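Fold and geometry: a report
The chain contents come next:
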Amino acid sequence: MIYLTLFYEFFKIGLFAIGGGLATIPFLFSLTHRFDWFTTQDLVSMIAVSESTPGPLGVNMATFAGYQTAGIWGGIVATIGLVFPALFIIIGISKILNKFKESFYVQSFFYGLRPAVSVMILVFVFNVCKVIVDLTPNLRSLLLSGFLFLCYLLLILRYKMHPIFFVLLAAFMGILLEL
């Protein structure tokens, strides 16, 4: 029964999380409230692992969440559930997109979709910040995390380097500060 539930829940996420991997995160937050598969703290760890490993974020998250819930088969079932809707939607869209890509309704659909996806990502950022604050042991650590956040933000905006550089820099700083 767990495999069917995993497939169904990740199928829904794959069907409605329009906008890429980050759009899956609010759906995963809702899973933490409805199931005891993983906690919000586990989700933040999954995000870190998924961002640090090759492959699409949503697929990495589904695989990790499924594995966390029901082992290897859970990871496989969750991943298939997440990818399944996109596979058929993309095949269907590719057949008709060229015919309708200049359509007023198609353009309007995507115009209306962008703010919704932006809000979903903003909610994700807010929830992750809330979890980080809850997990930070003291005010000094919280201020240090805030300082590092601002440094990374300024570096990213100023130098526009490849994201892997910033992931490696953040990992190095985390190790250095824990020593």
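To keep things clear, this report deals only with the structure shown in the data block. (Residues numbered from 1 in each chain as written. Predicted model: local features only at pLDDT ≥ 70, side-chain atom pairs only at ≥ 80, totals over all residues. Heavy atoms only, no water.)

1. Digging into the overall build of the protein
We count it as follows: Helix numbering and strand numbering both begin at the N terminus, where a helix is a DSSP run of H or I of at least 4 residues and a strand a DSSP run of E of at least 2. When accessible area is computed with a 1.4 Å probe and restricted to protein chains, residues below 20% of their type maximum are described as buried, those above 50% as exposed, and intermediate ones as partly exposed. The contact definition used throughout considers only heavy atoms, calling two residues in contact when any of these lie within 4.5 Å. All accessible-area figures derive from a Shrake-Rupley calculation using a 1.4 Å probe, and residue coverage is judged against the displayed protein chains alone.
Within the protein one finds seven helices and zero strands. Secondary structure elements of the protein, listed N to C terminal, follow the sequence α-α-α-α-α-α-α. Viewed in the frame of its principal axes, the protein has a C-alpha envelope of about 55 × 45 × 25 Å. Looking at the protein as a whole, 26% of its 179 residues are labelled buried. Looking at the protein alone, contacts between residues at least 24 apart form 55% of all its contacts between residues at least 6 apart. When the accessible surface of the protein is split by element, carbon and sulfur atoms take 74% of a total near 12,100 Å².

2. Looking at the state of the cysteines
The criterion, for reference: Whenever a pair of cysteine sulfur atoms sits within 2.5 Å, that pair is classed as a disulfide.
Here the structure, examined in full by the defined rule, presents zero disulfides. In this structure Cys 129 is not part of a disulfide, and its nearest cysteine sulfur, from Cys 151, lies 16 Å away.

3. Section: the nonpolar core
The cut-off we apply is this: For the purposes of this section, nonpolar cores are sets of buried Ala, Val, Leu, Ile, Met, Phe, Trp, Tyr and Cys residues that join through side-chain atoms within 4.5 Å.
In this structure, Phe 10, Leu 28, Phe 38, Leu 43 and Met 61 are the most contacted members of the largest nonpolar core, which totals 24 residues. Broken down by secondary-structure element, the contributors of at least two residues to this core are helix 1 (2-16), helix 2 (25-34), helix 3 (40-52), helix 4 (57-100) and helix 5 (104-135). The greatest single-element share of this core, amounting to eight residues, is contributed by helix 4. When neighbours within four sequence positions are excluded, Met 61 is seen to be in contact with Ile 25, Leu 28, Leu 43, Met 46, Ile 47 and Ser 50.

4. A look at the packing of helix 1 against helix 2
What counts here: Helix axes are fitted only over the stretch in contact, all axes being lines through C-alpha atoms; the angle between N-to-C directions runs from 0 to 180 degrees. Angle categories: roughly parallel below 35 degrees, roughly antiparallel above 145, roughly perpendicular from 65 to 115, and oblique for all the rest. Handedness of a crossing follows from how the near helix is turned relative to the far one, being left-handed for an anticlockwise turn of less than a right angle and right-handed for a clockwise one.
Where helix 1 meets helix 2, the closest approach of the two axes is 11 Å, and the angle between their N-to-C directions is 155°. In terms of orientation, helix 1 lies roughly antiparallel with respect to helix 2. Between helix 1 and helix 2 lies a crossing of right-handed hand. Where helix 1 approaches helix 2, its residues Glu 9, Phe 10, Lys 12, Ile 13 and Phe 16 are matched on the opposing element by Phe 27, Leu 28, Leu 31 and Arg 34.

5. Section: the packing of aromatic side chains
Basically, it comes down to this: Pairing of aromatic side chains here covers Phe, Tyr and the six-membered ring of Trp, requires ring centres within 6.5 Å, and sorts the geometry by plane angle: under 30 degrees stacked, over 60 edge-to-face, intermediate tilted. Consider the ring centre and the ring normal. A charge sits over the ring if Lys NZ or Arg CZ is within 6 Å of that centre and within 35 degrees of that normal.
Using the criterion set out here, one finds eight aromatic pairs in the structure. Their ring planes at 75° and their centres at 5.5 Å tell us that Phe 104 and Tyr 105 sit as a pair that is edge-to-face. Each member of the pair, Phe 104 together with Tyr 105, is exposed. Note on Phe 165 and Phe 166: the rings are 5.1 Å apart at their centroids and 80° apart in plane angle, and the pair reads as edge-to-face. Since its relative accessible area comes to 8%, Phe 166 is described here as buried. Counting every residue linked through ring pairs, the aromatic cluster contains Phe 7, Phe 11, Phe 84 and Phe 88. When the ring centre of Tyr 159 is taken as origin, the NZ or CZ atom of Arg 158, which lies over that ring, is 5.1 Å away.

6. Side note on a nonpolar patch on the surface
For clarity, the threshold we go by: Two distance rules govern patches: like charges are joined within 9 Å, and nonpolar side chains (Val, Leu, Ile, Met, Phe, Trp, Tyr) within 5 Å, applied only to residues with over 30% relative accessible area and no salt bridge. Counted as salt bridges are all cases of a side-chain nitrogen of Lys or Arg within 4 Å of a carboxyl oxygen of Asp or Glu.
Together, Ile 2, Tyr 3, Tyr 67, Ile 72, Trp 73, Ile 76, Ile 80, Val 83, Phe 84, Leu 87, Phe 88 and Ile 91 give the surface a local cluster of nonpolar side chains, amounting to about 1,200 Å² of exposed area. When contributions to the nonpolar patch are tallied by element, the ones reaching two or more residues are helix 1 and helix 4. At ten residues, the largest contribution of residues to the nonpolar patch is made by helix 4. Along the polypeptide, Ile 2 turns up in helix 1.

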